[in-house]
Amino acid sequence: MLYIGDEVRDIEACHKVGVDVAAVNWGYNTPLALEKCKPTFMIDNIWKVIDIVKTKNDH
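Residues numbered from 1 in each chain as written. Predicted model: local features only at pLDDT ≥ 70, side-chain atom pairs only at ≥ 80, totals over all residues. Heavy atoms only, no water.

K.L.:
When you look at the pairing of strand β1 (residues 2-5) in this model, what are you seeing that I'm missing?
P.N.:
A regular strand places its side chains so that they alternate between the two faces of the sheet. As paired strands, β1 and strand β2 (residues 20-24) are joined by four bridges and run parallel to one another. Note that in β2 the partner of leucine 2 across the bridge is aspartate 20. Once the chain exits β1 it traverses helix α1 (residues 8-17) before rejoining the sheet at β2, and the crossover so formed is right-handed. (Pairing = 2+ DSSP bridges. Helix = DSSP H or I, 4+ residues; strand = E, 2+ residues; numbered from the N terminus. Right-handed = clockwise from strand over helix to strand, strands pointing away.)

K.L.:
Any chance you could explain the sheet that holds β2 here in plain terms?
P.N.:
Paired through backbone hydrogen bonds, the strands of a sheet run either parallel or antiparallel to each other. The three strands are arranged β1-β2-β3 in an open sheet whose pairing can be described as parallel. Across the chains shown, the open sheet's two edge strands, defined by having one partner strand only, are β1 and β3 (41-43). Geometrically, the sheet is characterised by an average inter-axis angle of 25° between neighbouring strands, direction not taken into account. Sheet contacts for helix α3 (residues 46-57): β1, β2 and β3; angle to β3, the most-contacted strand, approximately 150°. (Axes fitted to C-alpha atoms, helices over the stretch in contact; angles between N-to-C directions. Contact = heavy atoms within 4.5 Å.)

K.L.:
What should I look at first to understand the environment of threonine 30 in this one?
P.N.:
Note that threonine 30 resides in the loop between β2 and α2 (31-36). Expressed as a C-alpha distance, the spacing of threonine 30 and arginine 9, which sit 21 residues apart in the sequence, is 13 Å. In this structure the side chain of threonine 30 is engaged in a polar contact, spanning 3.2 Å, whose partner is the backbone nitrogen of alanine 33. (Polar contact = N/O pair within 3.5 Å; in protein donor to acceptor, adjacent residues only side chain to side chain.)

K.L.:
Explanation requested: the pattern of salt bridges in the structure shown.
P.N.:
For side chains of opposite charge, pairing can occur when their charged atoms come near one another. For the coordinates displayed, the defined rule picks out two salt bridges. Here arginine 9 makes a salt bridge to glutamate 7, at a shortest N to O gap of 2.6 Å. The class for arginine 9 is exposed, based on a relative accessible area of 58%. Judged by relative accessible area, glutamate 7 falls into the buried class, the value being 17%. Between lysine 56 and aspartate 20 there is a salt bridge; the shortest N-O distance is 2.8 Å. Pair noted here: lysine 56 is in helix α3 and aspartate 20 is in strand β2, with a separation of 36 residues, a long-range link. On the basis of relative accessibility, which here comes to 23%, the residue aspartate 20 falls in the partly exposed class. (Salt bridge = Lys/Arg side-chain N within 4 Å of Asp/Glu carboxyl O. Buried < 20%, exposed > 50% of the residue type's maximum accessible area, 1.4 Å probe, protein only.)

Right, dumping it as structure tokens:
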């Protein structure tokens, strides 16, 4: 599972339940605020999501 979020609380919630989270830098919170919460991935465009999913699903 991969959650896509744009707020600090998205990242915090995902950490609590053990879900990978990709923080987008074009949303509600600033990229700096999101990075401080240590998301699994920090992305700057939607194509990065596709790359992440492909990489995680390669077996």
